[in-house]
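Inside the fold
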Amino acid sequence: MGRLFIVSLLVLLPIIIYSQEQESEKVNVPVLDYNAFEPYLNQKNDTLYIINFWATWCAPCIKELPYFQRIHDEYLNRKVKVLLVSLDFERQLENRVKPFIIKNSLTPQVILLSDPDANKWIDKVDSSWSGAIPATVFYRNDKRLFFEQEFTYEELEEIVKSFTEINQN
Amino acid sequence: MKKVVLFAMLIIGLSVVTYGQGYKVGDMATDFKLKNVDGKSVSLSDYKDAKGYIVIFTCNHCPYSIAYEDRINELNRIYEPQGYPVIAINPNDPALSPDDSFEKMIIRAKEKSFTFPYLFDEGQKIFPQYGATRTPHVYLLEKVKEGNRVAYIGAIDNNYEDASAATEKYVVQAIASLQKGNQPEVNFTKAIGCTIKIAKK
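Residue positions within a chain follow its written sequence, with the count starting from 1. Chains and ligands are labelled by the order in which they are written, letters from A for the one and numbers from 1 for the other. Owing to the predicted nature of the model, reporting of local features is limited to residues with pLDDT of at least 70; listing and counting of side-chain atom pairs is limited to 80 or more, with chain, interface and lining totals taken over all residues. Only heavy atoms go into the side-chain values, all of them from the structure, while hydrogens and water stay out.

The definition used for a disulfide is geometric: two cysteine sulfur atoms within 2.5 Å. The tally for this structure, following the rule as stated, stands at two disulfides over all chains. In this model Cys58 of chain A forms its disulfide with Cys61 of chain A; the gap between the sulfur atoms is 2.1 Å. One quick way to see it: the torsion about the S-S bond of Cys58 of chain A and Cys61 of chain A is about 70°, and its sign makes the bridge right-handed. We classify Cys58 of chain A as buried; its relative accessible area is 4%. Between buried and exposed lies partly exposed: a residue is buried under 20% and exposed over 50% of the maximum accessible area for its type, with that area taken using a 1.4 Å probe on protein chains only. Given a relative accessible area of 0%, Cys61 of chain A falls into the buried group. A sulfur-sulfur separation of 2.1 Å characterises the disulfide bridge that pairs Cys62 of chain B with Cys194 of chain B. Every disulfide takes its handedness from the sign of the S-S torsion; for Cys62 of chain B and Cys194 of chain B that torsion is 80°, giving right-handed. On the criterion of sequence distance, the pair formed by Cys62 of chain B in the loop between strand E4 (52-57) and helix H2 (63-79) and Cys194 of chain B in strand E10 (residues 193-195) is long-range, its members being 132 residues apart. Looking at Cys194 of chain B, the relative accessible area reads 2%, which means it is buried. The structure places no disulfide on Cys59 of chain B, whose sulfur is separated from the nearest cysteine sulfur, that of Cys62 of chain B, by 5.0 Å. Secondary structure is summarised from DSSP: a helix means a run of H or I of at least four residues, a strand means a run of E of at least two, and numbering begins at the N terminus for each.

So this is what it looks like as structure tokens:
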């Protein structure tokens with residue numbers, strides 16, 4: 001009995017550990033500097049891109065994340081793409097950002113923008129951005145909107161509709 | 001009709017004032033009288049021999065503020081004796097950000113042995129005049145005949161993650177310019193920070 005237990009433990013333990021690692025590994029969060037990230041702000045096709053700048057430590061960001069998740073879910077397959085750009089410190093990717101994504105079941109793509117010389121790139125995202133988060137860019141081809149504010153779901157949906165309803169004409 | 005036009009102009013004028021962006025470099029900054037963590041009130045005018053001030057809107061809870069705490073202490077250690085004291089102001093509404101209450105400010109100032117005043121913007125009247133939007137947000141002031149002139153607005157340096165990796169020390173460089181009788185070459189920078197938590201009216 002004792003031997004059987006030890007043997008099964010030896011077999012099972014690696015599987016348990018492996019499957020836990022799998023969960024964290026399944027969450028793919030590319031770490032990019034600004035130059036590598038910039039193409040995401042300038043994709044030329046008929047998709048509406050919603051790019052939300054957030055961080056796990058930013059209370060108003062966390063409050064509005066479920067609304068971005070809901071937009072992502074409701075506009076699935078409708079040429080609306082939500083991209084969540086985390087500004088957490090790179091060293092907290094494994095112990096904070098990935099666990100946060102798993103815990104909150106976030107399904108839009110997450111990128112970690114790690115480029116501490118923010119003065120060099122904040123204006124390139126939008127010249128009106130002071131650098132405070134949350135901040136969100138909406139764009140489709142040449143139409144582009146930028147907001148340094150926290151959204152309600154209704155506000156978010158209204159902006160999305162202002163893009164998608166033109167699409168149907 | 002005339003009255004309507006006047007009224008409309010008044011409304012437009014008011015909204016411009018309300019939605020003003022705060023100070024720009026060159027503007028004269030207001031003095032204030034705010035409560036320090038030691039219970040006493042602090043004003044810029046208390047510093048009779050100051051040549052200027054490093055006013056920093058910062059707080060307890062924000063990771064960017066925390067990342068800069070040691071650097072803020074260091075700034076005061078070096079520049080207070082040279083006539084540029086650090087004056088830190090917490091602009092957040094504690095009802096929205098409980099970690100930024102006055103009681104918690106006292107605790108944090110002790111933990112980190114702040115050598116500078118750490119003031120509470122009670123009623124959130126001062127930060128909107130300066131135009132601070134995030135923490136940390138620096139306003140370097142130069143004392144001139146007309147008052148306290150804004151000489152630099154922005155970040156402390158260009159690396160929030162690692163002080164030793166910063167290649168541009170904006171505040172240090174700006175003070176060095178003032179000490180030579182010049183204006184800072186870089187007088188405005190942006191940085192990622194935590195939004196200031198504003199009470200809903």
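Once the structure has been displayed, the description carries forward.
If you roll a probe as big as a water molecule over the atoms, it shows you where there is empty space left. Residues and elements named next belong to chain B. Each pocket or cavity is described by its volume, and for the second largest pocket that value is around 180 Å³. Lining the second largest pocket we find Arg71, Glu74, Leu75, Ile78, Tyr79, Ile156, Asp157, Ala163, Lys169 and Val172. Tallying contributions element by element places H2 first for the lining of the second largest pocket, with five residues. Throughout, the ten residues Ala, Val, Leu, Ile, Met, Phe, Trp, Tyr, Cys and Pro are labelled nonpolar, Asp, Glu, Lys and Arg are labelled charged, and all others, Gly among them, are labelled polar. Across the lining of the second largest pocket, the residue classes break down as six nonpolar, no polar and four charged. Grid points spaced at 1 Å and placed over the protein atoms alone form the basis of the search, with a cavity being a set where a 1.4 Å probe fits but cannot get out and a pocket an open set showing protein on both sides within 12 Å along at least five of seven lines. Lining residues have an atom within 4 Å of a point. Grid points are joined across faces, edges and corners, and a volume is the space filled by probe spheres set on the points.

The values reported here are purely geometric and, on their own, carry no functional implication.
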